There are 4 protein chains.
Amino acid sequence: MKAVVKTEKKRGAEVLNVPVPKIKDDEILVKVKAAAICGTDLHIYVWNKWAEEKIHPPQIMGHEFAGEVVETGKEVKRIKKGDYISAETHISCGHCYQCLTGHPEVCENLKILGVSRDGAFAEYIAIPEKIAWKNPENLPVEFAAIQEPLGNAVDTVLAEDVAGKTVAITGVGPIGLLAVGVARASGATKIIVSDLSDYHLEIAKKMGADVAVNAGKENFKEAVFEETDGLGVDVGLEMSGSGKALNDLLSVMTPGGRVSLLGLFGEDFVPVSLNDNVIFKKLRIYGITGRRIFQTWVIVSRLLSSGRLDVSPVITHKFKLEDFEKGMKLMEEKKSGKVILYP
Amino acid sequence: MKAVVKTEKKRGAEVLNVPVPKIKDDEILVKVKAAAICGTDLHIYVWNKWAEEKIHPPQIMGHEFAGEVVETGKEVKRIKKGDYISAETHISCGHCYQCLTGHPEVCENLKILGVSRDGAFAEYIAIPEKIAWKNPENLPVEFAAIQEPLGNAVDTVLAEDVAGKTVAITGVGPIGLLAVGVARASGATKIIVSDLSDYHLEIAKKMGADVAVNAGKENFKEAVFEETDGLGVDVGLEMSGSGKALNDLLSVMTPGGRVSLLGLFGEDFVPVSLNDNVIFKKLRIYGITGRRIFQTWVIVSRLLSSGRLDVSPVITHKFKLEDFEKGMKLMEEKKSGKVILYP
Amino acid sequence: MKAVVKTEKKRGAEVLNVPVPKIKDDEILVKVKAAAICGTDLHIYVWNKWAEEKIHPPQIMGHEFAGEVVETGKEVKRIKKGDYISAETHISCGHCYQCLTGHPEVCENLKILGVSRDGAFAEYIAIPEKIAWKNPENLPVEFAAIQEPLGNAVDTVLAEDVAGKTVAITGVGPIGLLAVGVARASGATKIIVSDLSDYHLEIAKKMGADVAVNAGKENFKEAVFEETDGLGVDVGLEMSGSGKALNDLLSVMTPGGRVSLLGLFGEDFVPVSLNDNVIFKKLRIYGITGRRIFQTWVIVSRLLSSGRLDVSPVITHKFKLEDFEKGMKLMEEKKSGKVILYP
Amino acid sequence: MKAVVKTEKKRGAEVLNVPVPKIKDDEILVKVKAAAICGTDLHIYVWNKWAEEKIHPPQIMGHEFAGEVVETGKEVKRIKKGDYISAETHISCGHCYQCLTGHPEVCENLKILGVSRDGAFAEYIAIPEKIAWKNPENLPVEFAAIQEPLGNAVDTVLAEDVAGKTVAITGVGPIGLLAVGVARASGATKIIVSDLSDYHLEIAKKMGADVAVNAGKENFKEAVFEETDGLGVDVGLEMSGSGKALNDLLSVMTPGGRVSLLGLFGEDFVPVSLNDNVIFKKLRIYGITGRRIFQTWVIVSRLLSSGRLDVSPVITHKFKLEDFEKGMKLMEEKKSGKVILYP
C-alpha cells in the first residue's frame, strides 16, 4: 500500500509502497478514506527538537483520519467489519491511577498514533479497538477526519459552559478556528479573537467570531474592553502558545472569569502575571490536553452530525496523499486551515 | 394614570384611573413601555385558590415589563433617571441565610411584584432599586418585557451545560417555548418536545425543536428512543406540571442524565418512579424557581441583545393595556405564546 | 472447597463442598480472607420477589470480600499473584454509551458478582481482573471486605462537598451508619440521623452522629429545625427507602440544599412533595447507585487506610463461614451492623 | 478611646487617645473584644511599597476582630445592639458586574477595613452593617477574631472537595497553618507541608499535617512522591508566595489535579512551568482572594463552633493592645502564628 513514511532523522518524508499492516487480536484494520495534517505532523516533517526526541524512523505519519473497518482481531467485540470510524489518538494503558479514575487522557503511559506507532497517512492503518469511534453514516469523511483536533477545541471551549458568555481567543490556527465555531454553536454571545495572520482572522469571522483583532497591528486589550463595556471577558481561551498573548489575555479577563490553556509555549517557563491577573482576579485556569475518551467525542460527533457546527470554512485544502508535501508547505507558511489528504 | 386593577375577590379585573405611585427613598419610578402577561396574572384574574390565599385587592396586576426610569429616590445610586430597565420580580429580604449566602432567589421572606405589591399593568410602577435591571439600548421593549420568564427558561435549561447534548422538554407553554430557544442557542443537538397543543408545538418548531410530539396523539417515549438511537436523552426539562409527563420524561432519560423541574404540579404529592428511573439511573434532578439575581439576567440580556436567541415566534399577541382581557382570554384558552400589553 | 450455595428456589442456603472455580484468561482466582453479608444476600437467602427474578440456583452467594490473589489468567496484566485485593461487584460491558463516557456504574449491561455469577461466600472466588482493587497492606481484612458498601456511602455523602455543612440522614442501617462516619470524617459540622431502631441509632452516635432521633418515638422535623436554628439542613441523605422518611427529609431541607437518594423504596411510585419541597426550595437531588469505578474506591481506601475513618463500630459480628445463618438471622432481625464471615 | 494609629509615612505606629468613631445611618459601632494582627498590618507597620501606595495616615490599623455591637444606625436592620459579631473586611460597592452577579469578593470598587478606612486596633470600630457577621455565643473571642483569615484558608482548601484526597501545602505561615487544619477537618487523607521555618512546621504538625518538610534542608519533591506512592498529590495549595515553591508544587501534582493559589508573589511576573506541569497535566488552577461573603463565613463559623476545627495551636501569642509592637516584632521575625490583641 502507499504510505507517507518518515524515513530519516532529518527534514522530509517519502511516499513509499509498504506492506498492509497486520493486526493483533485486539486490533482492527481500517481502510483510510481521508486524513488530516496536524501541527504535530508538521513538527515530524520539519524534524524539530520535539520530533528528534520522540520519533523513531522509519514510521508512517499521521493520526487524524476516518475510514472503514475491513478486518477485526479475534478479541474485538464492539467494532464490526464495515463500521465507519475515526479514532482517538491517545492510547492509554488502562492500569495507572489516571486510567483507573476516569482520566485516560492523562494516562502516565500514553502511546500516540503516528508518534509512538505507525499512523494514518496510508491506505490502511491498524489500531487497537479501544480507540475506535463509530461515526454516523451521514458525516462527510472530511469532517469525520478532523474530529480529533475538534475534540481539543471542544474541551478548551467547554471546560465550563459558555452560553451567554463573552469569550476571547488568542490564536486562531486550525484548532483555534474550530474553537470559534464551538463557542458560537454553544451560545457564546460575543467572541473576540486575536492572531497575527489576517488569513486566519478572515476564517475566524466565517466561523462566527464577532470581532477579529490582528494583534500585530491593533490593540487587543483596548478592543476587548471596548467590546465588553469595560468589563473584560468571562472566558479566555489561550490557543497561541505565546507568553505575551497569554498575559494579554489574563489582563482582559473579568474578575471571576475562566481561562483554558491549550497552546503549547515555546519556553519551558512562561512569566505569568499571577498576582494582579490570576489571584486578585480569582480566575479559574484549566490546562487542556488531549480530549476526554469518549465524553468529548460524543459532543464532537453530535455537533457535526446535527449540523449545529459547520466546520467547512476551516477545511481549506484537499490533496491526494501523494501530494502531502503541498499541505506541509501551506501549514509551514501558515496559509491553511485544516488540510485533508485522500489515500 | 391608567392601571389594570384587581378590585374584588372574584374573577375579573378593571382598568381604572389611579394615582401615579409615590416612591420611597430606595425606590425608582418607571414609565412602563411594555408589559407581558404571566400565567400568575391569569391565576389572579380567574381568582383560583392560590390567588385567594396570596392576593389582597385592590392591587395593580402584572410583573413582567420594561420601561424608562423617570424618578429616583434619594438613596438610589446605581440606577439613573432615563435608564431603560426591566426588573426582577422577586424582592429578597437581604438578611436571611439564603440571602447572605448568595441565593436571594430562595429568600425565606420573598415579596413578589404584582403579588405582594402593586404591579406593572399600568402607566407607571414604583420598584425598589435593588430589583432594577438595566437593558441595552438596542433591545426592543417587547423582548425586554419578557426577560423575567426567559430567566426561568435559562435557569431550567442551563442548570448544566447542554452543548452537544440531547434534550427532551415536556410542556411547551410560553416558558417551555423560550426554553426550546435557549437550548437551541446553547448548542443542544437534538431537542424533542411534547405537549398536548398543536398550536404550541408549531411554535416550538419555529423556536428550534427538532421533533415535536403531541403526547395526546403520539407515543412520546417511543419517539424519544427512536430519535436517540435507543439511548434516551441526556437532559430532561419538565415544564408541564403533569405527573404523567414527569414520569414519562424520567423513563426516557439516559442513565446518568440530568432533569430540571420547573412546572408546578396540580397535586401536592406527585407519585414518582424513584427506584427505576431516578436511583438506578443515577439521575441529577434540579428544582428550579425564580432565577439567579442577577447572574441569570446577564445571560438573558446577552442572548437577546446579541441576536443569538430570537424570541419573536413566542410573542404571539400585542394589545393596548385597556384590551388586557383579550390577552387573558387567549391565555386561558391556551391559544397564545406571550401576550404583550402597551400602556 | 467450602461455599455457601443457594441451591433451591426457596428460603435458605447450604454450605457445600464444591470445586474450586476455574479462571478464564482475563480472570483471577482469589483466596477469600473475609466476606461481609449485604442486604442483597439476605434477599437471596429469604428468597423475596427480587431474588426470584434475578437468581438462578445453584449459585454461590456473596459479593463483599477481601482476599489474596493465587492465580492469574494469561491476559491479566495489572494484578499479580500475591496481591491483596477487594473487588467492585458491578461488572460493566465496556461497550455501551455509559461505559464509553466514563460511567460504567450505570452500564446498561451490568452483571453483578454473587447475583449474575458465583460469589464470595467461599474459600475461593474467580473474578475478572477489571473489577479487582488492590488494597494497601496495612488494611485489616474486615475493613477491606466492606469497601464496596462503604463506596455506596461515600458516593451518597460526597455527591457534593459536606465540609462545614449540616447533614440529616434518614435510615441508619449498615450503609447509613457508614455514611455517618464518612460525613463526620469529611467535615460535616452537624449530623442528625433518624431511624426506627435504637440499636442502630446507638451505633450512629459512635460513628459521629451529633443527634440521633428515633422517628417512631420522637419528632424528626422538630428536632432538625431545633438543631439548625430553624434553617433546616444543607444536606439530606435518604438511606431508609421509606417514602415517609423521604418527604420528612425534603421538608427539613434548607432552600438551595442537596439531597442524595440511596435507599430503594418498597413501592414503584413514591408520592413526593415536589412543588413545596423540591421546586420552590430549588433542591438538587441525586440518585445514587453502585459507586464510581474506581474514583470512589480511591476515596474509600484512603479514608480507611489513613485512619481518618474508623468503621469498627459498624462491624458488629464475626462468624465462621459455616455459621453464616447466624448472620442472616441477625440481619433479618435488624440486630446487626455489618456481619463478617471467615471462610 | 485607645487606638493603634499609623501616624506617619514611615515605619512604626502609635497608641493614641482618639475620639470614639461616629456611625452613619447604615453603620454599627462595635466594642472590640479581641483583634488579630494580619500580614497586611505588618506591611503597614514596616511601611513597605504596597503600604506607601495604599495607606493615607493618620489611620487606625487592624481589620481582624470580634466584639459587641453597642450602637446601630437608623437604617440598620439585620444587626442588633448586643450582637456578638466579627466582620468581613472587604466592603463591596454593590453595583458593579461582580457584585450584581454574586461575587462581591472581587468587586471592582472594593474598600478594605483598616486599609481604606479606620480599623479595629482600637476600643471601638464603626463598620457598615453589610459586612457584619454574627457569631454564635459559644465562640471564644480569639477564635472569632481570626475568622477572616480562616476564611482565606477555607476558600483555598475547599475550592474543590478534599475528602479522601492527598494534599500538599507550600508555605505554612499563619494562613497556611489554618489551611492545614481545614484540610484535616475536611477529610484530606494525607497532608504534606513545606516551609523554611521549623517553628511553623512544628505547629503544622499540631494542626494535622502528616508530613512536614523543611524545604531549605530536605527535598520536597522526593518527599511528596515517596509519600504518595509516586503518584503526586491530588491537591496543591500555594500559600508561600515563592515562585520556586509554586513550580515545585506543580511538579508534584498528579495529572488531573487541582491547585489553589493564595500566596502573593514578590515579582509581578512569575515564571511558571506551563507546558509540562499545567497543560500536559491538565491541572485546574484557582486564584483565591478574599473569601465568599458570606458563604465562606458560614463554613468558618460552623467548623469553629462545632469543634471540628481547633485553631488553638495557631494562636501563639496574646498581648494587650498597648503592647502591639511585641506582636509586630514576632510577626516580622516569623516567630509567631496568629497574635491576638486585647483593647
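Structure: above.
So what exactly am I meant to see when it comes to the overall build of chain A here?
On a plain count of helices and strands, chain A comes out with twelve helices and 19 strands. For 343 residues, the compact-globule estimate of 2.2 N^0.38 gives 20 Å, and the C-alpha radius of gyration of chain A, at 20 Å, lies within 12% of that figure. Seen through its principal axes, chain A has C-alpha atoms that stretch 60 × 40 × 40 Å. Per-residue burial for chain A yields a buried fraction of 63% across its 343 residues. Restricting the contact set of chain A to residue pairs at least 6 apart, pairs at least 24 apart contribute 69%. Only carbon and sulfur atoms are counted for the fraction: they give 49% of the accessible area of chain A, which is about 12,400 Å². Separation of charge centres in chain A, based on 43 positive and 46 negative side chains, amounts to 3 Å.

What should I look at first to understand the sheet that holds strand β2 (residues 14-17) of chain D in this one?
Remark on secondary structure: sheet strands pair via backbone hydrogen bonds, oriented parallel or antiparallel. Taking strand neighbours across the sheet as the criterion, the three strands line up as β2-β1-β4 (chain D) in an open arrangement whose pairing is antiparallel. The open sheet has two edge strands with one neighbour each: β2 and β4 (59-60) of chain D.

I'm lost on the packing of helix α5 (residues 147-157) of chain A against helix α6 (residues 174-185) of chain A in this one. Help?
A packed helix pair is summarised by two numbers, namely the angle formed by the two axes and the spacing between the axes. Residue and element names in this part refer to chain A. Put simply, α5 and α6 touch, their axes get as near as 8 Å, and they point 55 degrees apart. Here α6 runs oblique to α5, going by the angle between their axes. Crossing geometry of α5 relative to α6 is assigned as right-handed. In this structure, α5 contributes P149, L150, N152, A153, V154 and V157 to the contact, and α6 contributes I175, L178, A179, V182 and A183. In terms of residue class, the contact of α5 with α6 is made up of ten nonpolar, one polar and no charged.

Just to check I follow, could you spell out the interface of chain C and chain B for this structure?
One frequently used descriptor of interface size is the decrease in accessible area upon assembly of the parts. On the side of chain B, 39 residues touch chain C, which itself brings 39 residues to the contact. When chain C packs against chain B, close to 3,300 Å² is buried across both sides, 63% of that on carbon and sulfur atoms. When the buried area of chain C at its contact with chain B is split by residue, Y97, I279 and K282 of chain C rank highest and sum to 19% of it. Counting across the chain C and chain B interface gives two salt bridges. Note that E105 of chain C is salt-bridged to K282 of chain B, the shortest N-O span being 2.6 Å. At the surface where chain C touches chain B, the tally comes to 15 residue pairs in polar contact (both at pLDDT 80 or more). Of all the secondary-structure elements, those providing two or more residues to the side of chain C that touches chain B are α3 (97-100), α9 (243-251), β15 (253-261), β16 (270-272), α10 (274-279) and β17 (284-287) of chain C. Its residues assigned to classes, the side of chain C that touches chain B shows 21 nonpolar, nine polar and nine charged.

Looking at this structure, how should I read the pattern of salt bridges?
Opposite charge on two side chains permits them to pair, given that their charged atoms come into close proximity. Under the counting rule described, the total for this entry stands at 76 salt bridges over all chains. The partner of D234 of chain B in a salt bridge is R302 of chain A, with the nearest N and O atoms 2.5 Å apart. With D234 of chain B in strand β14 (residues 233-238) and R302 of chain A in helix α11 (residues 295-305), this pair bridges two chains. Note that K217 of chain B and D198 of chain B form a salt bridge whose closest N and O atoms lie 2.5 Å from each other. One end of the pair, K217 of chain B, is in the loop between β13 (211-214) and α8 (220-227); the other, D198 of chain B, is in helix α7 (residues 198-207), with 19 residues separating them in the sequence. The class for K217 of chain B is exposed, based on a relative accessible area of 62%.

Hey, could you run me through the side chain of N152 of chain C in this one?
All names here are of chain C. In this fold, N152 is placed in helix α5 (residues 147-157). N152 gets classed as buried once you look at its relative accessible area, which sits at 9%. Those residues in contact with N152, other than ones at most four positions away along the chain, are I175, L262, I288, G290 and R291.

Any chance you could explain unusual backbone geometry here in plain terms?
What is expected of a backbone is that most residues other than glycine have negative phi and most peptide bonds are trans. For the bond running from P57 of chain B to P58 of chain B, omega is -5 degrees, close enough to zero to count as cis. Structurally, P58 of chain B is set in the loop between α2 (49-54) and β4 (59-60). Between I293 of chain D and the following residue, F294 of chain D, the backbone shows a cis peptide bond with an omega angle of 5 degrees. Summarising the element assignment, F294 of chain D is placed in the loop between β17 (284-287) and α11 (295-305). Look at D229 of chain D: it is not a glycine, yet its phi comes out positive at around 50 degrees. With respect to the secondary-structure elements, D229 of chain D resides in the loop between α8 (220-227) and β14 (233-238). The class of D229 of chain D is exposed, set by a relative accessible area of 73%.

Help me understand the sheet that holds strand β15 (residues 253-261) of chain A in this model?
In space, the twelve strands of this open sheet follow the order β13(A)-β12(A)-β11(A)-β14(A)-β15(A)-β17(A)-β17(D)-β15(D)-β14(D)-β11(D)-β12(D)-β13(D), with mixed pairing throughout. The sheet is open, and its two borders are formed by β13 (211-214) of chain A together with β13 (211-214) of chain D, each paired with just one other strand. Ignoring strand direction, the axes of neighbouring strands in this sheet form an average angle of 15 degrees. Sheet analysis places strand β12 (residues 190-195) of chain A next to β13 of chain A, joined by four bridges and oriented parallel. Residue V193 of chain A lies in a different strand from β13 of chain A, and its bridge partner there is A212 of chain A. Where helix α9 (residues 243-251) of chain A meets the sheet, its contacts fall on β11 (166-170), β14 (233-238), β15 and β17 (284-287) of chain A, and the angle it forms with β15 of chain A comes to roughly 150 degrees.

Would you explain α5 of chain C in this entry?
One turn of an α-helix holds 3.6 residues; hence residues three or four places apart share an orientation. With eleven of eleven residues buried, α5 of chain C lies mostly within the body of the structure. By the burial criterion, the buried members of α5 of chain C are Q147, E148, P149, L150, G151, N152, A153, V154, D155, T156 and V157 of chain C.

Quick question: what am I supposed to make of the interface of chain A and chain D here?
Each partner contributes to the interface: chain A provides 39 residues, whereas chain D provides 39 residues. Three residues, Y97, I279 and K282 of chain A, lead the burial of chain A against chain D; their summed loss comes to 19% of the area buried on that side. In this assembly, chain A and chain D are joined by two salt bridges. Our count for the contact surface shared by chain A and chain D stands at 15 residue pairs in polar contact (both at pLDDT 80 or more). Put simply, the parts of the chain that give the side of chain A that touches chain D at least two residues each are α3 (97-100), α9, β15, β16 (270-272), α10 (274-279) and β17 of chain A. In the side of chain A that touches chain D, the residues fall into 21 nonpolar, nine polar and nine charged. As paired strands, β16 of chain A and strand β16 (residues 270-272) of chain D are joined by three bridges and run antiparallel to one another. Its bridge partner being in β16 of chain D, P271 of chain A is matched across the sheet by P271 of chain D.

Quick notes on the rules
Counting restarts for each chain, with residues numbered from 1 along the sequence as it is written. Numbering of ligands from 1 and lettering of chains from A proceed in the order in which they are written. Per-residue local features are limited, in this predicted model, to residues with pLDDT of at least 70; the limit for side-chain atom pairs, both in listing and counting, is 80 or more; totals at the level of whole chains, interfaces and linings are taken over all residues. Values reported for side chains reflect all heavy atoms of the structure, with hydrogen atoms and water molecules removed beforehand. Labels follow the DSSP assignment, with helices taken as runs of H or I lasting at least four residues and strands as runs of E lasting at least two, numbered in each case from the N terminus. Restricting the calculation to C-alpha atoms gives the radius of gyration, and the globule rule supplies 2.2 Å times the number of residues raised to the power 0.38. Each residue is assigned to one of three classes by its accessible area relative to the maximum for its type, calculated with a 1.4 Å probe on protein chains only: buried under 20%, partly exposed between the two thresholds, exposed over 50%. In this description, contact between two residues means that some pair of their heavy atoms is separated by no more than 4.5 Å. Per-residue accessibility takes into account occlusion by the displayed protein chains alone, with areas from the Shrake-Rupley method and a 1.4 Å probe. A positive count includes Lys and Arg, and a negative count includes Asp and Glu. His and the chain ends are not counted in either. Charge positions come from single atoms, namely NZ of Lys, CZ of Arg, CG of Asp or CD of Glu. Should DSSP find at least two bridges between two strands, the strands are regarded as paired. Note on geometry: axes are lines fitted to C-alpha atoms, helical ones only across the stretch in contact, with angles between N-to-C directions running from 0 to 180 degrees. An angle counts as roughly parallel when it lies under 35 degrees, as roughly antiparallel when it exceeds 145, as roughly perpendicular when it falls between 65 and 115, and as oblique in every other case. Left-handed describes a crossing whose near helix is turned anticlockwise from the far helix through less than a right angle; right-handed describes the clockwise counterpart. Throughout this entry, Asp, Glu, Lys and Arg are counted as charged residues, while Ala, Val, Leu, Ile, Met, Phe, Trp, Tyr, Cys and Pro are counted as nonpolar. The remaining residues, Gly among them, count as polar. Put simply, buried area is the surface a 1.4 Å probe can reach on two separate parts but cannot reach once they are joined, added for both. Salt bridges, as used here, are contacts in which a Lys or Arg side-chain nitrogen is within 4 Å of a carboxyl oxygen on Asp or Glu. Polar contacts, as counted here, are pairs of nitrogen or oxygen atoms within 3.5 Å of one another; within protein the pair requires one atom able to donate a hydrogen and one able to accept it, and residues that are adjacent in sequence qualify only if both atoms are side-chain atoms.

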